[in-house]
Amino acid sequence: MNAAWDWSMDGWILAAGVLSAGACALLGNFLVLRRMSLMGDAISHAVLPGLAIAFLVTQSRSAWPMLLGGVAAGAVTAVMTEAVHKFGKVEPGAAMGVTFSVLFALGLVLIRRAADSVDLDPDCVLYGNLDQIGFEGAVGGAPHAVIHLAVVFAANVLFVGLFYKELRISTFDPELATSLGISARVMHYALMILVSVTTVASFEAVGSILVIAMLIVPPVLAHLLTDRLGVMLPLSVALGATAAAAGQWAAQYGPGQLGIDYSVKTAAMIAVVAGAMLAVGVFLAPQRGLVSRAVHQWRLSLTIVREDILGLLLRWHELRPAEGRAIVREDILAAVGDTWMARWGIRSLVRRRELRLPVGGGLELTRGGESRAAGLVRSHRLWEAYLAEHFDIPLDHVHFSAERAEHFITPQLRRELDRDLTAPGVDPHGREIPPEREG
Amino acid sequence: MSPSWDTFFRTLSLADHNTRVVVAGTTMLGIAAGVVGTFAYLRRRALMGDALSHATLPGVAAVFIIFGSKHLPLLLLGATLSGVLGVLAVLGLRRVPRIKEDAAIGIVLSVFFGAGMVLFSIVQQMRTGQEAGLLTFIYGKAAAMLTRDAWIIAGTAGAVLVGSIALFKEFRVICFDQDFAQSQGTPVFVLDVAMMALVVMTTVVGLQAVGLILVVALLIIPPAAARFWTDDLALMTVLAGAFGALSGWSGATLSALMPRLPTGAVIVLCAGGAFLVSMLGAPHRGVIASVLRQWSLRRKIAYQHLLRALAEMEEAALGPAPAGVGALERRRGWTRRQLHEVIRRAVRREAVAWAGPDALRLTASGRVEATRMLRNHRLWEMYLIKYADIAPSRVDRDADEVEHVLSEPIVRELEQALDAARAIPPSPHPQEAPAT
């Protein structure tokens, strides 16, 4: 189905996908932050018996009874999970598993028993019928499903907007919320009800699998990118909408691009695209992504190895002043460990003019390098002195702590230490503490 | 539409080959899932099975697309591979900062299932088509189980049982005290992998029978039900296997008896029934038992409070004297109905007798018990004042709750600690002191 874009049909699919993704993502933030992500999973499965009963009673697929049935089933899920957890002392995850699987099974049985009288397909609940949406009965040009989703999206925005403070406090600090007179329970059930409403409104168009994906994936991705709830909410909605649009594009044109002549389910493709976006985020998120954390680690290791090399050269000279200031590269590598990081460190120190290659061979400190090395050794020995003065640590143990701390002690902290120890001339081992240098 | 006696009999006696195969298959699946589910349940990995089962779908579809074959072992292999990939994805995502376990499970199950559906929509359009056989993986189709399928389940169930029995001790340690196990040099990671392997095997063979959405129920519900009956792991494992078997058997039998009952769903509902019965009716941890226990404890406390109140009033009156019901009512926060109910019980037990239309007195046997309660109350009050450094005005409330549960040996120790002879210590509250 590599047809050209057609607004009269594809436009509505896009609208339904975006609205549903936005509505789910908005609520999903609170589920994810409350560590109740799987409640969305549970509810979206468990609405099935509610829908089936609504069908059986009214013998129609009209919106109100379905909504009522779905919301009732959602509420039952929340209450039942809590009851099994509280009265049966079953851990929350398992309580949810028991509840939703039993309810889903009940739904399947009801639908199967009524298969003659009702045209309801569990497949439809699971993965929706987004590709057919443009053909469904329309009101004022817009398909029912799109109108329902628009209303639900607006309701969710309104709810989050009106109760932003309550939601925020009861999510991050339920005890504080209770002490402020906000009932965390009421908020919990309000959320569960809205999740049910959103699921029911979405199921016709996108199915429950996409609901689960959109409840969880965009908020998790947004949380990787920001710490601020005020940013996370709109960001997750935007990411959900992006996934919906990109997923639709991929479903329509992706197979063609790959030279395959098959059409694929749009809702399923949206879930896959959302997953791919998350995978990219996990690797590339600015601060918490795996790549940026690895880079940060590397840079830290490099700084430490560089400083170790500078310190080594200074101490070497201090111990054997007669032997000249230069050391051969192999000796340095032998002392700090022959790793590619150390080799790289030496090269970059030369490049930064903190080490130089004298005519006689080997490596020696430049003026700048010596100044930095002196600062480092000063940090090390001040810290040793401080530990020996204030803590009951054996002398042969202070070195290890100082070896690590020296890289994180700033000139300002050195001044504080110096003042605290009233300018000690030597460290506990009797070595001279080099004076502070300018620059 | 109830079945005829003949059908009923033929089904229950497993007369038909087909019924025999289905019942045997689902029962064995139930045993395996219950046993391995017990460990997963106690290790709080219950919902991992949900991510796992959903993650099998893309594997099944991919195998079909690549090989164009519905050869079952091949499909199961595909399911296993992508299921394992899903589990690894959950474990990996969990290590990313900001992603919690619940979110990781939700992400994997929805994205993998989405990927499976994408591949499925391709399968549906392939010339070799006939995706019907593959759709059974989603909802299961136990009723169409072949002898070969039952053998596969039997083999897997056997392997799972052998594995569980062989590693029972090790699993027990990592279920209850992982840190201890680690410190003892137990290879926790290897055992975890072994446990997950058993879960994966069970899940994959369960797909055909109950479908990937509901197979997790077989891993969770029987162990959760078994947990109500016992604290002993070995017994719990056996019970979970039994509940699983019972659910498999009754689900398959019911759907053979009645038309249009999806077997997988009925099996899950049977397991749900077993869970409900266990949760309500189990002797110690069950809801009914604990409600009854609380009720009888409340009754006992009210009764003992009544006796103590009478003893205190006698003490204040410096001798046995009838006490007015009105005065009793004012003494504690009793409603009239509660008070009359507890008086009725006390009269029936001959601890208290009516001494007029509106007055009560302690009987001889009642006085013994009432004195004991009063003494326990005072001992505990004094203990709190002396050792816990609590102000005398605060100890009454606490003693009110503790007096009922002080056992004979504890009373003995209190006497020693407080140097109290057999007599009743005086009240620490001045307003209650006997008027002289």
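Quick notes on the rules
- Residues numbered from 1 in each chain as written.
- Chains lettered and ligands numbered in written order.
- Predicted model: local features only at pLDDT ≥ 70, side-chain atom pairs only at ≥ 80, totals over all residues.
- Helix = DSSP H or I, 4+ residues; strand = E, 2+ residues; numbered from the N terminus.
- Rg over C-alpha atoms; globule rule 2.2 N^0.38 Å.
- Buried ≥ 20, exposed ≤ 12 C-beta atoms within 10 Å, placed from the backbone.
- Contact = placed C-beta atoms within 7 Å.
- Axes fitted to C-alpha atoms, helices over the stretch in contact; angles between N-to-C directions.
- Parallel < 35°, antiparallel > 145°, perpendicular 65-115°, else oblique.
- Left-handed = near helix turned anticlockwise from the far one by under 90°.
- Nonpolar A, V, L, I, M, F, W, Y, C, P; charged D, E, K, R; others polar.
- Expected span 1.5 Å × (residues − 1).
- Domains from an automatic or database assignment.
- Pairing = 2+ DSSP bridges.
- pLDDT = per-residue confidence, 0-100.

(A) Looking closely at the overall build of chain A. Counting its regular elements, chain A contains 18 helices and four strands. At 32 Å, chain A has a C-alpha radius of gyration far larger than the 22 Å of a compact globule built from 439 residues. Projected onto its principal axes, the C-alpha positions of chain A cover 100 × 60 × 35 Å. For chain A, the proportion of its 439 residues judged to be buried stands at 46%. Pairs at least 24 residues apart make up 71% of the contacts formed inside chain A by residues separated by at least 6 positions.

(B) Quick peek at the overall build of chain B. Tallying secondary structure elements over chain B gives 19 helices and three strands in all. Against the 2.2 N^0.38 benchmark of 22 Å for 436 residues, chain B shows a C-alpha radius of gyration of 32 Å, more extended than a compact globule. Taken along its principal axes, the extent of the C-alpha atoms in chain B is 105 × 60 × 35 Å. Here the contacts in chain B between residues at least 6 apart in sequence split such that 71% fall between residues at least 24 apart.

(C) Broad picture of unusual backbone geometry. A positive phi is found at Ala423(A), a non-glycine position, where the angle reads about 45°. Looking at the secondary structure, you find Ala423(A) in the segment after α18 (411–420). Using a count of 11 C-beta atoms within 10 Å as the deciding quantity, one classes Ala423(A) as exposed. With phi around 60°, Asp389(B) is a residue other than glycine that occupies positive phi space.

(D) Here's a closer look at the environment of Ala24(B). Within the fold, Ala24(B) resides in helix α2 (residues 17–42). The sequence separation of Ala24(B) and Gly248(B) amounts to 224 residues, and the corresponding C-alpha distance is 8.5 Å.

(E) The packing of helix α2 (residues 37–58) of chain A against helix α4 (residues 92–113) of chain A, seen in detail. Residue and element names in this part refer to chain A. Close contact between α2 and α4 brings their axes to 8 Å; oriented N to C, the two are set at 25°. It follows that α2 is roughly parallel to α4 by the angle criterion. Pair α2 / α4 crosses with left-handed handedness. Where α2 approaches α4, its residues Leu38, Met39, Ala42, His45, Ala46, Leu48, Pro49, Ala52, Ile53 and Leu56 are matched on the opposing element by Gly93, Met96, Thr99, Phe100, Leu103, Phe104, Leu106, Gly107, Leu110 and Ile111. Residue composition of the contact of α2 with α4, grouped by class: 16 nonpolar, four polar and no charged.

(F) Looking closely at helix α14 (residues 287–316) of chain B. Residue and element names in this part refer to chain B. The end-to-end C-alpha distance of α14, which contains 30 residues, comes to 43 Å, matching closely the 44 Å that a straight helix rising 1.5 Å per residue would cover. Taken together, the buried positions of α14 are Tyr303, Gln304, Leu306, Leu307, Arg308, Ala309, Leu310, Ala311, Glu312 and Glu314. Considering only its buried residues, α14 is in contact with β1 (323–324), α15 (325–331), α16 (336–348), β2 (352–354), β3 (359–362) and α17 (364–387). Two residues or fewer past α14, Leu318 is found with a positive phi of approximately 60°.

(G) Here's a closer look at the interface of chain A and chain B. Taken together, the contact pairs 49 residues of chain A with 45 residues of chain B. For the side of chain A that touches chain B, the secondary-structure elements that each account for two or more residues are α2, α4, α10 (207–225) and α12 (266–284) of chain A. It is α4(A) that provides the largest number of residues to the side of chain A that touches chain B, a total of 13 residues. Along the lines of polarity and charge, the residues of the side of chain A that touches chain B split into 31 nonpolar, 10 polar and eight charged.

(H) How the structure looks around the domain arrangement of chain A. Here chain A is described as being made up of domain 1 (7–216) and domain 2 (294–420). With centres defined by C-alpha atoms, the gap from domain 1 of chain A to domain 2 of chain A works out at 60 Å.

(I) Expanded view of the pairing of β3(B). Residue and element names in this part refer to chain B. A one-sided burial pattern is seen for β3, the buried positions being Leu360 and Leu362 and the unburied ones Ala359 and Arg361. In this structure, β1 lies alongside β3, joined through two bridges in antiparallel fashion. Across the sheet, the residue bridging to Gly324 is Ala359, located in β3. Pairing geometry for β2 and β3, over three bridges, is antiparallel. Across the sheet, the residue bridging to Ala353 is Arg361, located in β3.

(J) Inspection of the domain arrangement of chain B at higher detail. Along its sequence, chain B is organised into domain 1 (5–283) and domain 2 (291–432). Inter-centroid distance (C-alpha atoms) of domain 1 of chain B to domain 2 of chain B is 57 Å.

(K) Representation of the confidence of the model for chain B. All names here are of chain B. Within chain B, residue pLDDT values average 86, and 95% of them lie at 70 or more. Between residues 432–436, whose pLDDT stays under 50, and residues either more than four places distant or in other chains, the model counts eight contacts. Across the predicted assembly, pTM comes out at 0.83 and ipTM at 0.84.

(L) The sheet that holds β2(B), seen in detail. Residue and element names in this part refer to chain B. Overall, antiparallel pairing links the three strands, which are arranged β1-β3-β2 in an open sheet. A strand with exactly one partner marks an edge of an open sheet, and here the two such strands are β1 and β2. Helix-sheet contacts for α16 involve β2 and β3, and the interaxial angle to β2 is about 105°.

(M) Broad picture of the environment of Val84(A). With respect to the element layout, Val84(A) can be found in helix α3 (residues 63–87). Beyond its immediate stretch of four places on either side in the chain, Val84(A) contacts Val90(A), Ala95(A), Val98(A) and Thr99(A).

(N) Fine view of the environment of Val238(B). All names here are of chain B. Among the secondary structure elements, Val238 is positioned in helix α12 (residues 233–257). A tally of 17 C-beta atoms within 10 Å means that Val238 is categorised as partly exposed. A sequence separation of 164 residues divides Val238 from Leu74, and the C-alpha atoms of the two residues are 32 Å apart.

(O) Geometry of the packing of α10(A) against helix α5 (residues 101–125) of chain B. Viewed as axis vectors pointing N to C, α10(A) and α5(B) meet at an angle of 130°, and their least axial separation amounts to 9 Å. As the angle between them shows, α10(A) and α5(B) are arranged oblique. With respect to the hand of their crossing, α10(A) and α5(B) are arranged in left-handed fashion. Along its contact with α10(A), which presents Ile209(A), Ile212(A), Ala213(A), Ile216(A), Val217(A) and Val220(A), the element α5(B) presents Ala103(B), Gly106(B), Ile107(B), Ser110(B), Val111(B), Phe113(B), Gly114(B) and Met117(B). Per-class residue counts for the contact of α10(A) with α5(B) are 11 nonpolar, three polar and no charged.

(P) Region of the structure containing the confidence of the model for chain A. Of all residues in chain A, 91% have pLDDT values of 70 or greater, and the mean over the chain is 86. Per-element averaging of pLDDT across chain A places strand β1 (residues 138–139) of chain A at the bottom with 53 and α12(A) at the top with 92.

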